[in-house]
Amino acid sequence: MIPPAQPLLSRVADALYWMARYIERAENVARFLDVNHNLMLDLPGVFSSQWQPIINTTGDRALFAERYGEANQQSAVQFLAFDAEYPNSIYSCILAARENARSVRETISSEMWQQINSLYLMITEEARKAAPESLPEFCHSVRMGCHLFEGITHSTVSHNEAWHFISAGRRLERADKTTRVLDVKYFILLPSVADVGTPFDDVQWSALLKSVSGFEMYRKKYGRIVPDRIVEFLLLDGEFPRAVRYSIGQADEALHAITGTPRGGFSCASEQRIGLLRSELDFARVEAILGGGLHEFFDALQTKMNTIDECIANDFFAQRTEGARVWA
Amino acid sequence: MRFSEYRTESFYDEMFEDDGTPRPHVRLLVDTIESLSDGHLLRYQRAAERLLLQMGITFNVYGDSAGTERIFPFDLIPRIIGAPEWDLIERGLVQRIHALNAFIDDIYHEQKILKDGVIPADVVLSAVSYRKQCHGLNPPWRVWCHVTGTDLVRDRDGRFYVLEDNLRVPSGVSYVLENREVLKRIFPAVFEGLSVRPVNEYPSRLLEMLESLALGEQNPRVVLLTPGIYNSAYFEHSFLAQQMGVQLVEGRDLVVSGGDVFMRTTKGLERVHVIYRRVDDDFMDPDVFRADSMLGVPGLMAAYRAGRVALANAPGNGVADDKVIYAYVPDMIRYYDGEDAILPNVPTYLCWRDADRKYVLEHLAELVVKSANESGGYGMLVGPHSTRAVQEEFALRIQANPRNYIAQPTLALSRAPTIVDDHFEGRHVDLRPYVLCGKEISVLPGGLTRVAMKKGSLVVNSSQGGGSKDTWVLASGGHS
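Residues numbered from 1 in each chain as written. Chains lettered and ligands numbered in written order. Predicted model: local features only at pLDDT ≥ 70, side-chain atom pairs only at ≥ 80, totals over all residues.

1. Some remarks on the overall build of chain A
Thinking step 1. Within chain A, the regular secondary structure consists of 15 helices and 0 strands.
Thinking step 2. In terms of overall dimensions, chain A is globule-like: its C-alpha atoms have a radius of gyration of 20 Å, near the 20 Å expected for 328 residues.
Thinking step 3. Projected onto its principal axes, the C-alpha positions of chain A cover 70 × 50 × 35 Å.
Thinking step 4. Looking at chain A as a whole, 44% of its 328 residues qualify as buried.
Thinking step 5. Look at the contacts in chain A between residues 6 or more apart in sequence, and 66% of them connect residues 24 or more apart. (Helix = DSSP H or I, 4+ residues; strand = E, 2+ residues; numbered from the N terminus. Rg over C-alpha atoms; globule rule 2.2 N^0.38 Å. Buried ≥ 20, exposed ≤ 12 C-beta atoms within 10 Å, placed from the backbone. Contact = placed C-beta atoms within 7 Å.)

This is the structure in structure tokens:
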């Protein structure tokens, strides 16, 4: 007889979800840094102010201004990579991911724990230096470390409820990051009408695609670099793993796998909210979105994703006693 | 690395006779180590340390915010115990746990041993770890000490003595299992040649014992209750939960409802039948013990009392862990089982006795003084290694609260060769075997050999800079 699935503690589900979100966040920040640094090399001298936009993608612009003032390579790298006081720095994310992993060490596989611990040992060692010897190399090792963690997660634990919480966390974080980078970059790049069609413009838009590892896949699908097509690709693509629609679809599936509710229905608030967002993205046209104002669309999207996050916390992680179902 | 420069000095050495020849049962290991090319062993040692750090096998040091996690120092050279010697230890421990369990059960019921005057009643009833809330409780199988880690030491004569009974929430067994994993990778050939008894069935034995406490339950749910990630033994808690395949829970994950204990899951409340708790009595249930405890579960003791949940170790068992009561264990063995103790106690002076106290105060510079309820090497005076000022401070403490202090002669703990920089030096060791007690009593063949890494030090506790060695118990009939 196959024994019934082990129930999952609410606290554990919460920690797994956040562990995945923090790893994904660290990986995204590392990629943003890397691509921006790379972009600077292609635009010598002209655009030292290109470090400000990357700060803006974090949504923590005011905090940065207060702590560092002007954005340049040194301050941006310190803030985004190593600032222990800034909760979304790579350093803080990996520490937070590890703390979460540590509290559920018996649930995750030993291999996952070892990988997250290696990342931790690497980042604490880097943080002790004044600056990374090579920024690209540092970013690369963070990204690869996070990818490795994702791969190990995929192939060393059962794809059960716990795994679906990890998956949901990762997908929602990914959708959030792609939205932010697109929001900020689109408005920075768009006003440079004079540059449209110039190599300069190409370089910048390509950098945006690269910052979400989407350059090669975009090229295969659309060929020419066209801003509206880039928006369509990153927002509405159904196959590209960092596209918002794809990520939301995967998160939706993870939630259905958790509750056991068939697709096309819902049994809790989080499922209902994410289902609404999923269908909106499934049936959206990029022209309509651009026509209604991209920035407004992104704002609404952020609000919806925040609501989904709150609903997940409420539906699954809240420490309820009263009204909780008793499955004895 | 060679042992040619190694000196046993005047101590009992775990590996070498006084004249420097290897003891017969360790010869193969000595030969293997000496056959390794230069630098080999040190590379292994470093590889092992790196592995432990990478595996995150660390402990937390209280009151140290800078490096809150450290690896438990680990020495590659195992400590080997031959079959006949282990046989004695095993029989001694089974006998001792049996008597201790009978004692605790007696204390929380008729208190016959007090009425018969074998142990003074006020000594027992004044013990800090005596819990009057546990009176009349009948834990499953009448077992109170499910998991024990007894500390044994050897004196200069080579005999094993019991130094302490750790009955409450003994830790360290995870290091026994992990150390073995590391050594199997490093000395595979020696393992094949020596027939070392395996330790890796411990988690299965522990789980079986815990499940057996859920009387009449077909599919009992066992959980391990931890104080959380900031506890110094958190690694062990998560390791054991993982190895047993049971849930690791914190107090906030549990709730008592309708008299039963449940855990909060993503799909609602799930019944829990057995709790292997690694939280001290005081913090377990704010309704009954410390009201300010954030780690506990309100109502847990009521559920336990009603037989709705089993707890291991049983609350209240610390009464037999008191260092004053320790001195009476040989009397308990005689009283309950009519036998003489197989493993002797270290001679102990009880400061509440006038004559003993007088002697202790006059000989502080030679004795080891311990407070009755502290562990981890805290609250302790090692006379020969102490200053005059500390001795005077202890004299005042003893006079202020004689009940709380005992003293023992400073033992010349046995030593074992340990890697220090690039050579071997003798370091003092003790031995903590682990004993499981359910329907039957079983001793894990092995244990934690703790090493005082500091030259000359006699304090082996991890909180005081102690390290560990793998402990190999040889099978009888194997090479010896």
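Moving on from the coordinates now.
2. Points about the sheet that holds strand S4 (residues 147-149) of chain B
All names here are of chain B.
Thinking step 1. If you walk across this open sheet you meet the 3 strands as S4-S20-S21, and the pairing is antiparallel. The sheet is open, and its two borders are formed by S4 and strand S21 (441-443), each paired with just one other strand. Recorded for the sheet is a direction-independent mean angle of 20° between the axes of neighbouring strands.
Thinking step 2. Relative to the sheet, helix H3 (residues 83-107) contacts S4, strand S20 (434-437) and S21, its axis offset from that of S21 by approximately 140°. (Pairing = 2+ DSSP bridges. Axes fitted to C-alpha atoms, helices over the stretch in contact; angles between N-to-C directions.)

3. Description of helix H13 (residues 329-337) of chain B
All names here are of chain B.
Thinking step 1. Here H13 has its buried residues at Val329, Met332 and Ile333. For H13, the buried positions fall inside an angular range of 100° around the axis, keeping them on one side.
Thinking step 2. Here the buried face of H13 lies against H3, helix H4 (112-115) and helix H12 (323-326).
Thinking step 3. Positive phi appears at glycine 338, one or two residues downstream of H13, with a value of about 65°. (Arc of directions from axis to C-beta.)

4. Re the pairing of strand S18 (residues 415-420) of chain B
All names here are of chain B.
Thinking step 1. By the bridge criterion, 6 bridges tie S18 to strand S19 (residues 423-428) in an arrangement that is antiparallel. Following the sheet pairing, threonine 418 is matched in S19 by glutamate 425.
Thinking step 2. The turn joining S18 and S19, which pair antiparallel and follow one another in sequence, is formed by 2 residues; a positive phi near 50° is taken by aspartate 421.

5. What to know about the confidence of the model for chain A
The predicted structure's coordinates, where accompanied by low pLDDT, should not be read in detail.
Thinking step 1. Looking at chain A, pLDDT values average 88 and 90% of them are 70 or higher.
Thinking step 2. Counted against residues more than four places away or in other chains, residues 321-328 of chain A, with its pLDDT under 50, gives 11 contacts. (pLDDT = per-residue confidence, 0-100.)

6. Here we look at the domain arrangement of chain A
All names here are of chain A.
Thinking step 1. Parsing chain A into structural domains produces domain 1 (1-157) and domain 2 (158-321).
Thinking step 2. Placing the centre of domain 1 and that of domain 2 at their C-alpha centroids yields a distance of 19 Å.
Thinking step 3. On the domain 2 side, the residues contacting the 26 residues of domain 1 number 26 residues.
Thinking step 4. Elements represented by at least two residues in the side of domain 1 that touches domain 2 include exactly helix H1 (10-42) and helix H2 (51-57).
Thinking step 5. Considering every element that reaches the side of domain 1 that touches domain 2, the biggest residue donor is H1, with 17 residues.
Thinking step 6. For the side of domain 1 that touches domain 2, the per-class residue count stands at 13 nonpolar, 7 polar and 6 charged. (Domains from an automatic or database assignment. Nonpolar A, V, L, I, M, F, W, Y, C, P; charged D, E, K, R; others polar.)

7. Some remarks on the sheet that holds strand S7 (residues 222-225) of chain B
For sheets, the rule is that strands pair by backbone hydrogen bonds, running either parallel or antiparallel.
Residue and element names in this part refer to chain B.
Thinking step 1. The parallel open sheet is built from 4 strands, whose spatial order is S8-S7-S12-S13. Lying at the two open borders of the sheet, with one neighbouring strand each, are strand S8 (247-249) and strand S13 (310-312). Neighbour to neighbour, the strand axes of the sheet diverge by 30° on average, direction disregarded.
Thinking step 2. With 3 bridges connecting them, strand S12 (residues 274-277) and S13 associate as parallel partners. Opposite tyrosine 276, over in S13, you have alanine 312 as the bridge partner.

8. Side note on the domain arrangement of chain B
Thinking step 1. With domains assigned, chain B is organised as domain 1 (201-312) and domain 2 (349-409).
Thinking step 2. Using only C-alpha atoms to locate each centre, domain 1 of chain B and domain 2 of chain B end up separated by 37 Å.

9. Looking at the pairing of strand S6 (residues 160-164) of chain B
Residue and element names in this part refer to chain B.
Thinking step 1. Inspection of the sheet shows strand S5 (residues 151-154) paired to S6 by 4 bridges, in the antiparallel sense. For arginine 154, the partnering residue across the bridge sits in S6 and is phenylalanine 160.
Thinking step 2. What sits between the antiparallel neighbours S5 and S6 is a turn of 5 residues, in which glycine 158 has the positive phi angle 85°.

10. What about helix H2 (residues 40-54) of chain B?
Thinking step 1. With 15 residues, H2 of chain B extends 21 Å between its outermost C-alpha atoms, agreeing within 8% with the 21 Å of an ideal straight helix rising 1.5 Å per residue.
Thinking step 2. Within two residues after H2 of chain B, glycine 56 of chain B carries a phi angle of roughly 65°, on the positive side. (Expected span 1.5 Å × (residues − 1).)

11. Quick look at the interface of chain B and chain A
Thinking step 1. Counting residues at the interface gives 23 residues for chain B, matched by 23 residues for chain A.
Thinking step 2. For the side of chain B that touches chain A, the element with the highest residue contribution is strand S11 (residues 268-272) of chain B, accounting for 4 residues.
Thinking step 3. Class assignment for the residues of the side of chain B that touches chain A results in 8 nonpolar, 8 polar and 7 charged.

12. Looking at unusual backbone geometry
Only a minority of non-glycine residues have a phi that is not negative, and only a minority of peptide bonds are not trans.
Residue and element names in this part refer to chain B.
Thinking step 1. In this model, alanine 312 is joined to asparagine 313 through a cis peptide bond whose omega is -5°.
Thinking step 2. Of note, the phi angle at arginine 142 is positive, near 55°, even though the residue is not glycine.
Thinking step 3. Assignment of secondary structure puts arginine 142 in the loop between helix H5 (121-125) and S4.
Thinking step 4. Arginine 142 sits in the partly exposed class, given 13 other C-beta atoms within 10 Å.
Thinking step 5. In this structure, serine 195 takes a positive phi of about 45° despite not being glycine.
Thinking step 6. Locating serine 195 in the fold gives a position in the loop between helix H7 (188-194) and helix H8 (202-211).

13. Some details on the environment of valine 182 of chain B
Residue and element names in this part refer to chain B.
Thinking step 1. Within the secondary structure layout, valine 182 lies in helix H6 (residues 173-186).
Thinking step 2. As a C-alpha pair, valine 182 and alanine 48 span 134 residues in sequence and 6.6 Å in three-dimensional space.
Thinking step 3. Setting aside anything within four residues of it in sequence, one finds valine 182 in contact with Ala48 and Leu51.

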